[in-house]
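The residues making up each chain are set out below.
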Amino acid sequence: MTRAMHPVGPFDEPGNACAAETAEGLGRWNDLLREHFVALDVDDTVDADRGFVSTVRSTLVGHLSASVVSSMPQSARRTSRLVRSDPRTYLQVGMVTRGRAVLEQDGREAVLTPGRYAVYETDRPFAWHFDGPWTLNVLTWPRELVPLGVDVTRAATARTLGEDRLGVIVGHALAETATAPPDLGDPAGGRLAGQLAALLGTAVGESLRRDEVLSPSSAEDLRRRVDAYVTDHLADPELGPEDIARAHFLSVRALHRVFADSDLSVAALVRLRRLQHARRRLLDPRDAALSLTEIAHACGFADLASFSRRFKQEFHEAPAAYRRRGGFTMRG
């Protein structure tokens, strides 16, 4: 299920929860889903004579929509036709808190019991199947605000999460946000939404690495994105595996696994890119007035001594001598 991210009625302000809206009968339930969620088709096999009652309660936390949905046995599908007619794209998590559900997407099925959850995306067909009364926590992010690669999310959809310790911890945070959402303004709500997405990405990334789901080409794509991130953040003295893993929604262990088949470790990649950047700046006429210490700091080195030692180890020449060969006067 997918909460529409454009405010409707009581959703005008982030942090304001809507009182649970109730649908009595299948017809009203279809209307309610289409009013408040992306387009879905609910099957017509529901026994309306059994007193069909459904409820939805949603809250906006920054750019995250946190919902609790309850209903009766049914199947709800987002078909290719509905995707074409309703192209909004979100990344979502569905977590069962009552009953049993099966989520289908990308040729996979995730069987979910209470506490288990799965990721899915709305730009491709998916289906939910419920064989009894059920309650589902649904968390929805605009897809463009979750910087997980397409290769990662396509590998992660409709896979059961919440079965290991990390998954349980992340699931608890997601569940608490859905069932007892905090009343936050825009800045704090946006930060929390981003932090929850980061937690989810860590759980997803670790699950995929553990199961060796990512293909070699996908791992190579992730290494390229990490390399680009390193190049853009060379001046940050705190740049290292922890920062890089957090920026790519991975655990540090998962990040190291991605680089296990590479010629360079993550730390070695950071060091090499810093030294290569420093070497270019030593011969750049625009930096001729900068001292060696200033260049070292600009490239993320803590001090001149460590920079000089690393530079000589890598290029077999001290930075001062290298700069003199380029025709610049050395400054310490």
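What you see is a predicted model, and the numbers here were worked out from it, not measured in a lab.

(A) Main features of the overall build of the chain. For the chain, the count of helices and strands is twelve helices and eleven strands. Here the chain, with 332 residues, has 52% of them falling under the buried criterion. Taking the contacts inside the chain whose residues are at least 6 apart along the sequence as the reference set, 74% of them involve residues at least 24 apart. Surface accessibility of the chain: about 14900 Å² in total, with carbon and sulfur atoms responsible for 51%.

(B) Inspection of the environment of A245 at higher detail. Structurally, the position occupied by A245 is in helix α7 (residues 241-247). Considering only alpha carbons, one finds A245 and V266, 21 residues apart in sequence, at a separation of 9.9 Å.

(C) Structural view of the pattern of salt bridges. Enumeration according to the criterion identifies 14 salt bridges in this entry. The closest approach of N and O atoms between R124 and D106, which form a salt bridge, is 2.8 Å. One end of the pair, R124, is in the loop between β9 (117-121) and β10 (126-130); the other, D106, is in the loop between β7 (101-105) and β8 (108-112), with 18 residues separating them in the sequence. R124 is the salt-bridge partner of D123, the closest N and O atoms lying 2.9 Å from each other. Among the residues examined, D123 registers a relative accessible area of 33% and is labelled partly exposed. A residue is classified by how much of its surface remains accessible, and R124, at 8% relative accessible area, is buried.

(D) Here's a closer look at the environment of R108. If you trace the backbone, R108 turns up in strand β8. For the pair R108 and T157, spaced 49 residues apart in sequence, the C-alpha separation works out to 7.8 Å. Beyond its immediate chain neighbours, meaning those up to four positions away, R108 contacts L103, R154, A155, A156, T157, A158 and R159. Among the polar contacts made by the side chain of R108, one reaches the main-chain carbonyl oxygen of R154 at a distance of 2.5 Å.

(E) Quick peek at helix α4 (residues 165-179). Spanning 15 residues, α4 covers 21 Å between terminal C-alpha atoms, matching the ideal 21 Å at 1.5 Å per step. Every buried residue belonging to α4 is among G167, V170, G171, L174, A175, T177 and A178, and all of these are buried. Taken down its axis, α4 places every buried residue within 160° of arc, on the same side. Counted as exposed and oriented over 90 degrees from the buried face of α4: R165 and H172.

(F) Representation of the sheet that holds strand β4 (residues 64-71) within the structure. The six strands lie next to each other as β1-β3-β4-β11-β6-β9, forming an open sheet whose pairing is antiparallel. The strands lining the two open edges of the sheet, one partner per strand, are β1 (21-24) and β9. Taken over all neighbouring pairs, the strand axes of this sheet differ in orientation by 20° on average, direction set aside. Pairing geometry for strand β6 (residues 90-98) and strand β11 (residues 134-142), over eight bridges, is antiparallel. Residue pairing in the sheet places Y90 in a bridge with P142 of β11. Along the sheet, helix α1 (residues 26-36) contacts β1, β3 (53-61) and β4; its crossing angle with β1, the most-contacted strand, is approximately 145°.

(G) The sheet that holds β8, seen in detail. Across the sheet, five strands lie side by side as β2-β5-β10-β7-β8; this open sheet has antiparallel pairing. In the strand order of this sheet, the two ends are held by β2 (41-42) and β8, each with one partner. Inspection of the sheet shows β2 paired to strand β5 (residues 74-78) by two bridges, in the antiparallel sense. Residue pairing in the sheet places V42 in a bridge with A76 of β5.

(H) Just the pairing of β3, in detail. Burial within β3 is extensive, with seven of its nine residues counted as buried. When β1 meets β3, the two strands line up antiparallel, connected through four bridges. The residue of β3 that forms the bridge with E24 is V53. Sheet analysis places β3 next to β4, joined by seven bridges and oriented antiparallel. Its bridge partner lying in β4, L60 is registered against S65. In sequence, β3 turns back onto β4 through a hairpin of two residues, with G62 there showing a positive phi of about 60°.

Criteria and cut-off values
Residues numbered from 1 in each chain as written. Predicted model: local features only at pLDDT ≥ 70, side-chain atom pairs only at ≥ 80, totals over all residues. Heavy atoms only, no water. Helix = DSSP H or I, 4+ residues; strand = E, 2+ residues; numbered from the N terminus. Buried < 20%, exposed > 50% of the residue type's maximum accessible area, 1.4 Å probe, protein only. Contact = heavy atoms within 4.5 Å. Areas by Shrake-Rupley, 256 points an atom, 1.4 Å probe, with all protein chains shown as cover. Salt bridge = Lys/Arg side-chain N within 4 Å of Asp/Glu carboxyl O. Polar contact = N/O pair within 3.5 Å; in protein donor to acceptor, adjacent residues only side chain to side chain. Expected span 1.5 Å × (residues − 1). Arc of directions from axis to C-beta. Pairing = 2+ DSSP bridges. Axes fitted to C-alpha atoms, helices over the stretch in contact; angles between N-to-C directions.

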